[in-house]
Amino acid sequence: MSYTAHQVYKHLFQSLGPQEWWPGETPFEIMVGAVLVQNTAWKNVERAIANLKQAKVLTPKKLYALSTEELAELIRPAGYFRIKAKRLHNLVKFFVERYRGSITAMQKLDTQRLREELLAVNGIGPETADSILLYAVGKPVMVVDTYTHRIFARHGWVTHGTAYHPLQEHLTGQLPTDAVIFNEFHALLVHVGHHYCSPVPRCDECPLRGMLPKSGIVVPLTSGASISKR
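Rules used throughout
- Residues numbered from 1 in each chain as written.
- Predicted model: local features only at pLDDT ≥ 70, side-chain atom pairs only at ≥ 80, totals over all residues.
- Heavy atoms only, no water.
- Helix = DSSP H or I, 4+ residues; strand = E, 2+ residues; numbered from the N terminus.
- Buried < 20%, exposed > 50% of the residue type's maximum accessible area, 1.4 Å probe, protein only.
- Contact = heavy atoms within 4.5 Å.
- Areas by Shrake-Rupley, 256 points an atom, 1.4 Å probe, with all protein chains shown as cover.
- Lys, Arg positive; Asp, Glu negative; His and termini not counted.
- Charge placed at Lys NZ, Arg CZ, Asp CG, Glu CD.
- Core = buried A, V, L, I, M, F, W, Y, C linked by side-chain atoms within 4.5 Å.
- Arc of directions from axis to C-beta.
- Salt bridge = Lys/Arg side-chain N within 4 Å of Asp/Glu carboxyl O.
- Expected span 1.5 Å × (residues − 1).
- Phe/Tyr/Trp six-rings, centres within 6.5 Å; stacked < 30°, edge-to-face > 60°.

A. Just the overall build of the chain, in detail. Check the secondary structure of the chain and you find twelve helices and zero strands. Secondary structure of the chain in N-to-C order comes out as α-α-α-α-α-α-α-α-α-α-α-α. Each principal axis of the C-alpha distribution contributes one length, and for the chain these read about 55 × 35 × 30 Å. Of all 230 residues assigned to the chain, the portion counted as buried reaches 48%. For the chain, long-range pairs separated by at least 24 residues make up 66% of all intrachain contacts whose partners lie at least 6 apart in sequence. Carbon and sulfur atoms make up 53% of the accessible area of the chain, which amounts to about 11,400 Å² in all. Counting 26 positive and 19 negative side-chain charges, the chain places the centres of these two groups 2 Å from one another.

If you want it as structure tokens, here you go:
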């Protein structure tokens, strides 16, 4: 049996409840976290953000004034800190020079146009851009990550190897266009991916166990690039 993304969302929401994600005291802090979380665990991001707060520089204008070297030292706990310092500096420069550091100004722009602008910032890829759009700006954009792909591929709902945008279109086509639902669904999938659908899955404990294929086991992760037609 095949399930729609909306059915999966409702099942997870009923099983796990609201996730209250993404953590952050301000939209700008969420933007910063979206860059820092690349290729690292969230606990490391928290340490880096704590450094920025302790240094009293977690504002657009103050980060903008820092050199990449100064920024790199502050975000060192997040790993790849020199690369991330450049990426974060590029994002802050864009945010300050294009939008005067105002989330409200960003919210006035059409979602697709704003997405294109974010993707044009060096170091900002689709997942980071969509995380900023959804969690910081409040735009109805579904974020797709490794957990999303792993869960849907293992259950046979998409083909392993499906690219970011086809998977995103597949999910959004089966969900109401609602930022709150996109927010919760992504957070729920992160929860499942982190606690149950890991590289070595804990299927017997997973809240999606009742949605497994008829075989009762997860679908092998074979190669492929197209959405499953099931």
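Once you've had a look at it, read on.
B. Expanded view of the nonpolar core. Among the nonpolar cores identified, the biggest contains 74 residues, and Val8, Leu36, Leu63, Met106, Leu118, Phe152 and Phe185 are the most heavily contacted of them. Per element, the largest residue contribution to this core is nine residues, and it comes from helix H6 (residues 81-99).

C. Broad picture of helix H11 (residues 164-172). For H11, the full list of buried residues reads Tyr164, Leu167, Gln168, His170 and Leu171. With its buried residues spanning 160 degrees around the axis, H11 presents them on a single face. Buried residues along H11 sit against helix H1 (5-16), helix H8 (111-119), helix H9 (126-136) and helix H10 (146-154).

D. Spotlight on the pattern of salt bridges. Scanning all chains against the criterion turns up eight salt bridges. Notably, a salt bridge pairs glutamate 73 with arginine 76, separated by 2.8 Å at the nearest N-O pair. Salt-bridge contacts for arginine 113 lead to glutamate 117; the nearest nitrogen and oxygen are separated by 3.6 Å. Of this pair, arginine 113 and glutamate 117 both sit in helix H8, four residues apart, roughly one helical turn. Residue classification places glutamate 117 among the buried residues on the basis of a relative accessible area of 14%.

E. Structural context of H1. The end-to-end C-alpha distance of H1, which contains twelve residues, comes to 16 Å, matching closely the 16 Å that a straight helix rising 1.5 Å per residue would cover. The set of residues buried in H1 consists of Ala5, Val8, Tyr9 and Leu12. Seen along its axis, H1 keeps its buried residues to an arc of 100 degrees; they face one direction. Elements in contact with the buried residues of H1: H10, H11 and helix H12 (179-195).

F. Layout of the environment of isoleucine 103. Its place among the elements puts isoleucine 103 in helix H7 (residues 103-107). A residue is classified by how much of its surface remains accessible, and isoleucine 103, at 12% relative accessible area, is buried. Sequence-wise, isoleucine 103 and lysine 10 are 93 residues apart; in three dimensions their C-alpha atoms are separated by 30 Å. Excluding residues within four positions of it along the chain, isoleucine 103 makes contact with Pro27, Met31, Phe95, Ala136 and Val137.

G. Summary view of the side chain of glutamine 38. With respect to the helices and strands, the residue glutamine 38 is situated in the loop between helix H2 (27-36) and helix H3 (42-54). Residue classification places glutamine 38 among the buried positions, given a relative accessible area of 12%.

H. Spotlight on the packing of aromatic side chains. Per the counting criterion, the structure on display carries eleven aromatic pairs. Between the aromatic rings of phenylalanine 94 and tyrosine 99, the centroid separation amounts to 5.7 Å while the plane-to-plane angle is 75 degrees, which identifies the pairing as edge-to-face. As far as burial versus exposure is concerned, phenylalanine 94 and tyrosine 99 are alike and both buried. Ring geometry for phenylalanine 152 and phenylalanine 185: centres 6.3 Å apart, planes at 75 degrees, overall edge-to-face.

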